[in-house]
Amino acid sequence: MSDQEVVSQIWLHVVRVVNKLVETHDTYGFGKFSEQMNPRLDVVVKAFNVADALLKTLTESGQLDPDEYRQAIDSRQCIYHTKRLSLALESDDEDEYKRLIDLLTKQATI
């Protein structure tokens with residue numbers, strides 16, 4: 001699989017997961033999000049850590065064209081927001097949670 005295909009596949013996966021996060025929020029809201037999210041958010045974050053490391057390497061390689069680079073950066077930003085969403089839930093910070101859900105909704109929902 002080429003670097004370009006890897007970036008595209010990761011982006012599609014990130015978008016699917018983010019859409020699931022938004023759907024879970026829309027259905028259950030802040031109070032029930034953690035218990036209803038499947039897979040659990042900590043599992044998502046662990047998987048995203050691996051994807052983020054790969055995307056970091058690819059963005060630093062100089063081998064991506066501008067569209068692929070943008071897609072990789074957008075993926076990394078969604079991953080970052082998802083990690084912060086997890087922290088907001090862990091710290092019971094509903095305002096930060098809502099801000100991050102809003103950012104994720106605007107960035108990745110297809």
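Because the structure is predicted, anything quoted here is derived from the model rather than measured. (Residues numbered from 1 in each chain as written. Predicted model: local features only at pLDDT ≥ 70, side-chain atom pairs only at ≥ 80, totals over all residues. Heavy atoms only, no water.)

Looking at the nonpolar core
Turning to step 1, where the next piece is worked out: In this structure, Val14, Leu21, Phe33, Leu41, Leu85, Leu89 and Tyr97 are the most contacted members of the largest nonpolar core, which totals 30 residues.
Turning to step 2, where the next piece is worked out: Listing elements by their share of this core, those giving two or more residues are helix H1 (3–36), helix H2 (41–61), helix H3 (66–90) and helix H4 (94–108).
Turning to step 3, where the next piece is worked out: When residues in this core are grouped by element, the largest group, twelve residues, is from H1.
Turning to step 4, where the next piece is worked out: Excluding residues within four positions of it along the chain, Leu21 makes contact with Phe33, Met37, Leu41, Thr82, Leu85, Ile101 and Leu104. (Core = buried A, V, L, I, M, F, W, Y, C linked by side-chain atoms within 4.5 Å. Buried < 20%, exposed > 50% of the residue type's maximum accessible area, 1.4 Å probe, protein only. Helix = DSSP H or I, 4+ residues; strand = E, 2+ residues; numbered from the N terminus. Contact = heavy atoms within 4.5 Å.)

Here's the deal with the packing of aromatic side chains
Two numbers describe a pair of aromatic rings. These are the distance of the centres and the angle of the planes.
Turning to step 1, where the next piece is worked out: The full count for this structure, using the stated rule, is two aromatic pairs.
Turning to step 2, where the next piece is worked out: With centroids separated by 5.7 Å and ring planes inclined at 75°, the aromatic side chains of Phe33 and Tyr97 adopt a geometry described as edge-to-face. A residue pair is termed long-range when its members are at least 10 positions apart, and Phe33 in helix H1 and Tyr97 in helix H4 qualify at 64 residues. In this pair, the class of Phe33 matches that of Tyr97, namely buried.
Turning to step 3, where the next piece is worked out: One aromatic cluster is present, built from ring pairs that chain together Phe30, Phe33 and Tyr97. (Phe/Tyr/Trp six-rings, centres within 6.5 Å; stacked < 30°, edge-to-face > 60°.)

Digging into the environment of Lys46
Turning to step 1, where the next piece is worked out: Inspection of the secondary structure puts Lys46 in helix H2.
Turning to step 2, where the next piece is worked out: The exposure class assigned to Lys46 is exposed, which follows from its relative accessible area of 58%.
Turning to step 3, where the next piece is worked out: Separated by 37 residues in sequence, Lys46 and Lys83 have C-alpha atoms that sit 9.3 Å apart.

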